[in-house]
Amino acid sequence: MRRIATVLTLLPFVLVVVLAVGLAVAGRVSTHDAVTAASAAPIASATIVVVPATTTALPSQTSSATPSPTASAAPTATPTPSSTPAASVSSLANDASEMLRVHNGLRAAVGAPAVRADDRVTLAAQRHAEYLAQNNALGHDETPGAPGFSGVFVHDRLAAQGYADATASEVATSFSSGTEGVRSLWVLPYHRLGLMHPHAIVAGWGHAEVAGRRITVGVLVYDFASAAPDRVRAPAPDQRVAGTYSGEEIPDVLPAGASRPVGYPIMVIYSNARAADLRSARITDAAGRDFAYHVVPQLYERDYIAVIPASPLVAGTRYRVHLELTVAGADMVEEWEFEAER
């Protein structure tokens, strides 16, 4: 289920607060139109530009405002748990710094700048993870009076830790460990949108386990005035990626009735909130054969394009992506190659 709250204005950007509830890699809650083709395919139109909010395979809540001038200030009085030299492999996988390391490793692989830690953001993520685990819930809002309540929305939870007026989003998932949760969220197009965004500057991760219920939460802070690459592509040129994706995400990225599993999602995100429209797309293998694909509907913002191969990629095969786009009113072509892991 999803709930949509508060629309706020940030400079030229219109931000939308999006709430959705569900399990990562679980059922399908909403379906959007997409196009399956081996050639040109127009992308679904949208009229809002938003900082995405992802979550458990559920795009989350985004709060907007001017980035906090104290984003790099000293940590709050309550420190986040950290690993020790004697920590077990399991505890390391659930440590905030280790989850951030994995996140930055994924960003580096696609040419996105590293995000930095801030104890206030990390603590907001940890508190929400604990709330979800204690209440056997999954989502982005909290109910006052419920066990572990730390703020209704992500901006409330950040403000409670002394990080006010931030443009932020949140992702959440229920997975075996914190680091695996980060990796699983990265695959999902609507969630990867925030995780790999070129204007993300701070990230905090939290993980909680209560009575067998495991929850991983990430909170991201954005600064659209920050220096950023012109665009970020995933897979990156020459990158090797998994050939198969379950196709499960909330909201659904595939059209109704589409067969699953599918291939690894292909995305490009442009900096400075430039609107992107897909004019045509083509995915071919090394022999030049066309590979059918689905176009992912644009939600949350219009600065990205995503397509998903309609079936799993062949292990060890090299693929060429050719996208003809209009970005901020200018026609351009994106073309690069990547490989499916053996």
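See above for the structure.
Undergrad: Run through helix H3 (residues 119-134), naming residues and quoting values.
TA: The terminal C-alpha atoms of H3 lie 22 Å apart, and with 16 residues this matches the ideal 22 Å at 1.5 Å per residue to within 8%. Summarising burial for H3: twelve of the 16 residues are buried, a large majority. Buried within H3 we find Arg 120, Val 121, Thr 122, Leu 123, Ala 124, Ala 125, Gln 126, His 128, Ala 129, Tyr 131, Leu 132 and Ala 133. Buried residues along H3 sit in contact with helix H2 (96-109), helix H4 (154-160), strand S5 (167-173), strand S6 (200-210) and strand S7 (213-222). Asn 136 sits one or two residues past H3 and shows a positive phi near 50°.

Undergrad: Kindly report on the side chain of Arg 157, identifying the contributing residues and their values.
TA: Along the chain, Arg 157 turns up in helix H4. By relative accessible area, which is 1% here, Arg 157 ends up buried. Only 2.9 Å separates the side chain of Arg 157 from the backbone oxygen of Gly 151, close enough to count as a polar contact.

Undergrad: A description of the packing of H2 against helix H5 (residues 178-187) should follow, citing residues and the corresponding values.
TA: Packed helices, taken two at a time, are described by the angle between their axes plus the distance between the axes. For the pair H2 and H5, the least separation of the axes is 8 Å and the interaxial angle reads 30°. As the angle between them shows, H2 and H5 are arranged roughly parallel. Relative to H5, the crossing made by H2 is right-handed. Of H5, the residues touching H2 (which contributes Glu 98, Met 99, Val 102, His 103, Leu 106 and Arg 107) are Gly 178, Thr 179, Val 182, Arg 183 and Trp 186.

Undergrad: Tell me about the nonpolar core, residues and numbers included.
TA: The biggest cluster of nonpolar side chains holds 60 residues, and the ones touching the most others in it are Trp 205, Leu 278, Tyr 304 and Leu 323. Once residues within four sequence positions are removed from consideration, Tyr 304 is found in contact with Tyr 190, Leu 193, Met 267, Val 268, Ile 269, Ala 276, Pro 297, Gln 298 and Leu 299. With 22 residues, the next largest nonpolar core counts Tyr 131, Leu 158, Val 202 and Val 219 among its residues.

Undergrad: I'd like a description of the sheet that holds strand S11 (residues 276-285), backed by residues and values.
TA: Strand order in the open sheet formed by four strands is S9-S15-S14-S11, with mixed pairing between adjacent strands. The outermost strands of the open sheet, each flanked by one partner alone, are strand S9 (240-241) and S11.

Undergrad: So, the pattern of salt bridges: which residues are in play, and what are the values?
TA: In total, this model carries 23 salt bridges according to the counting rule given. Residues Glu 130 and Arg 127 are paired through a salt bridge, measuring 3.5 Å at the closest nitrogen-oxygen approach. Here Glu 130 and its partner Arg 127 are both found in helix H3, three residues apart, which amounts to about one turn of the helix. With a shortest N-O distance of 3.5 Å, Arg 233 and Glu 334 are connected by a salt bridge. Taken together, the positions of Arg 233 in strand S8 (residues 231-234) and Glu 334 in strand S15 (residues 330-340) put the pair 101 residues apart, joining distant regions of the chain. In this pair, the class of Arg 233 matches that of Glu 334, namely buried. One continuous salt-bridge network, built from bridges that share partners, spans Asp 238, Arg 240, Arg 318, Arg 320, Glu 335, Glu 337 and Glu 339.

Conventions we followed
- Residues numbered from 1 in each chain as written.
- Predicted model: local features only at pLDDT ≥ 70, side-chain atom pairs only at ≥ 80, totals over all residues.
- Heavy atoms only, no water.
- Helix = DSSP H or I, 4+ residues; strand = E, 2+ residues; numbered from the N terminus.
- Expected span 1.5 Å × (residues − 1).
- Buried < 20%, exposed > 50% of the residue type's maximum accessible area, 1.4 Å probe, protein only.
- Contact = heavy atoms within 4.5 Å.
- Polar contact = N/O pair within 3.5 Å; in protein donor to acceptor, adjacent residues only side chain to side chain.
- Axes fitted to C-alpha atoms, helices over the stretch in contact; angles between N-to-C directions.
- Parallel < 35°, antiparallel > 145°, perpendicular 65-115°, else oblique.
- Left-handed = near helix turned anticlockwise from the far one by under 90°.
- Core = buried A, V, L, I, M, F, W, Y, C linked by side-chain atoms within 4.5 Å.
- Pairing = 2+ DSSP bridges.
- Salt bridge = Lys/Arg side-chain N within 4 Å of Asp/Glu carboxyl O.

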